[in-house]
Structures are given as structure tokens and as C-alpha cells.
Amino acid sequence: MDVKIESSWAEVLKSEFDKEYFTNITKYLKQEIASGIIVYPVGGNIFKAFDSTPFDKVKVVILGQDPYHGPGQAHGLSFSVPMGVAQPPSLQNIFKEIRDDLGFPLPHSGNLEKWAKEGVFLLNSVLTVRAGLAASHSKIGWSLFTDAVIRELSNRRENIVFMLWGNFAKGKNQLINRERHLILEAAHPSPLARGAFFGCKHFSKANVYLESKGINPVDWRL
């Protein structure tokens, strides 16, 4: 797997690509693919979140856990699915919260690329997965890489909104400087959380914060 990533991120993360753990990730993925195992997302989309939202354009971070493992679902942006793919339950709940929070209609598509272009960095903590096996790449080193990503954003940038949903994402709050950024925490939007996500109003809260810092708010409509 050759690392092709947007230039601003390539500069910020260059020291990570030289570390042993990242070499091991690359080696592991190459071996899996060579042995015929299907890995999602396809290679060109592994760093899609980075390619879609340059380092200095990030306004909001929405942290997911690992990619969807069903055929055609994962395309490198957390919670997002390509145009024409059915919206997974967690994404449906995100849209319901936006409707209730901001009054926007439920979108027909689950493709979040428009958000990414608006400055919403849709980062999964783990960037790949075996087809049909959730969390199958959670132990190959990706979290070391994405933790470094979060730390770099925290240390080098100011006034970013970090949305941490569920216990896994909340566990990353120690990587973020609360004096420089806004951390919003809520239950996971999964139906397994029995509706605890609803009413968090993260989308309006994010925009109020951004505007208070003189930053253009995010248009959450799709």
C-alpha cells in the first residue's frame, strides 16, 4: 500500500509514515490483499477523509470507530456511505438529530462528502476493515496513527469542534487541549444506545462556537 495523502497532511504527518508501526500496517494490508482477503475501503479511499479536508481547513472532527464492513458501504469518511447506498441505522439517527436540532429535512443520500468539503473531518480511528468482520483491523496499529492525527490537530490548530460519540470516541478526549478547542460528547448514534444520542444538539452547538470565534458555520444540509 503506497501512501498517497493530501499535501498538507503529508507534511504534518511525515514523521508517522517513517515509524515502524506504520510500516507494519502497510505490510499487514499488503499480505491480506495478496492472499485474496477483501479489505474496505478500497485502497484509493483509505485516506479519503484527509484528501477531502486539508489540515488547515478542519473546523469540526466527527470521530468514528472503524469503516463499515458491508459491500459498497465504506468509502473513507466516518459514518458516510456512497451515493445510492442505503443509510445505515447510525447515520439515520444522525440525520434525525440534525432535523430536530436545526429543522432540516432528512436527506435522501448518506454521502457526507459535502460536509467534508465544508471542513468536517470525518475520521475513523481505524482506517480499514476485512469484509464482513467488524473491528477486524482494530489491533494492527491504526489507532497509533489516528491518535497522532488528533494530537496534531489539537496542538497545531485552534477552535476546532471535536464531536465524540460513544465511549470509544470519548476515550480520545485526553488527546485534545480543552483550552484551545471545544469538545462535545454524547452517546453513540447507534440504535443500541436506545435513543440516548437524541437531543445532544451538537450541530447547533458547533455552529454557535464557530461563529463566536469568527469562523463560518457549517451548512449541515445535504
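To start, this report covers the structure provided alongside it.

Cut-offs used in this document
Residues numbered from 1 in each chain as written. Predicted model: local features only at pLDDT ≥ 70, side-chain atom pairs only at ≥ 80, totals over all residues. Heavy atoms only, no water. Buried < 20%, exposed > 50% of the residue type's maximum accessible area, 1.4 Å probe, protein only. Helix = DSSP H or I, 4+ residues; strand = E, 2+ residues; numbered from the N terminus. Arc of directions from axis to C-beta. Contact = heavy atoms within 4.5 Å. Core = buried A, V, L, I, M, F, W, Y, C linked by side-chain atoms within 4.5 Å. Salt bridge = Lys/Arg side-chain N within 4 Å of Asp/Glu carboxyl O.

As for helix H9 (residues 202-212)
Within H9 the residues assigned to the buried category are His202, Phe203, Ala206, Asn207, Tyr209 and Leu210. Burial along H9 is one-sided: seen end-on, the buried residues are contained in an arc of 160 degrees. Facing away from the buried side of H9, by more than 90 degrees, are the exposed residues Val208, Glu211 and Ser212. Against strand E2 (60-64), helix H5 (89-102), strand E5 (161-165) and strand E6 (182-186) lie the buried residues of H9.

Focus on the nonpolar core
One finds Phe50, Trp142 and Phe145 to be the most contacted residues of the largest nonpolar core, which totals 66 residues. Excluding residues within four positions of it along the chain, phenylalanine 145 makes contact with Leu13, Glu16, Phe17, Tyr21, Phe22, Phe47, Phe50 and Leu127.

A look at the pattern of salt bridges
Applying the stated rule across the entire model yields 11 salt bridges. The shortest N-O distance in the salt bridge between arginine 99 and aspartate 100 comes to 3.0 Å. Exposure remark for arginine 99: the relative accessible area of 35% places this residue in the partly exposed category. One salt bridge in this structure joins lysine 172 and aspartate 147, with 2.7 Å as the shortest N-O distance. Of this pair, lysine 172 sits in the loop between helix H8 (166-170) and E6 while aspartate 147 is found in helix H7 (residues 142-156), placing the two residues 25 residues apart along the sequence. Neither lysine 172 nor aspartate 147 differs from the other in exposure class; each is buried.

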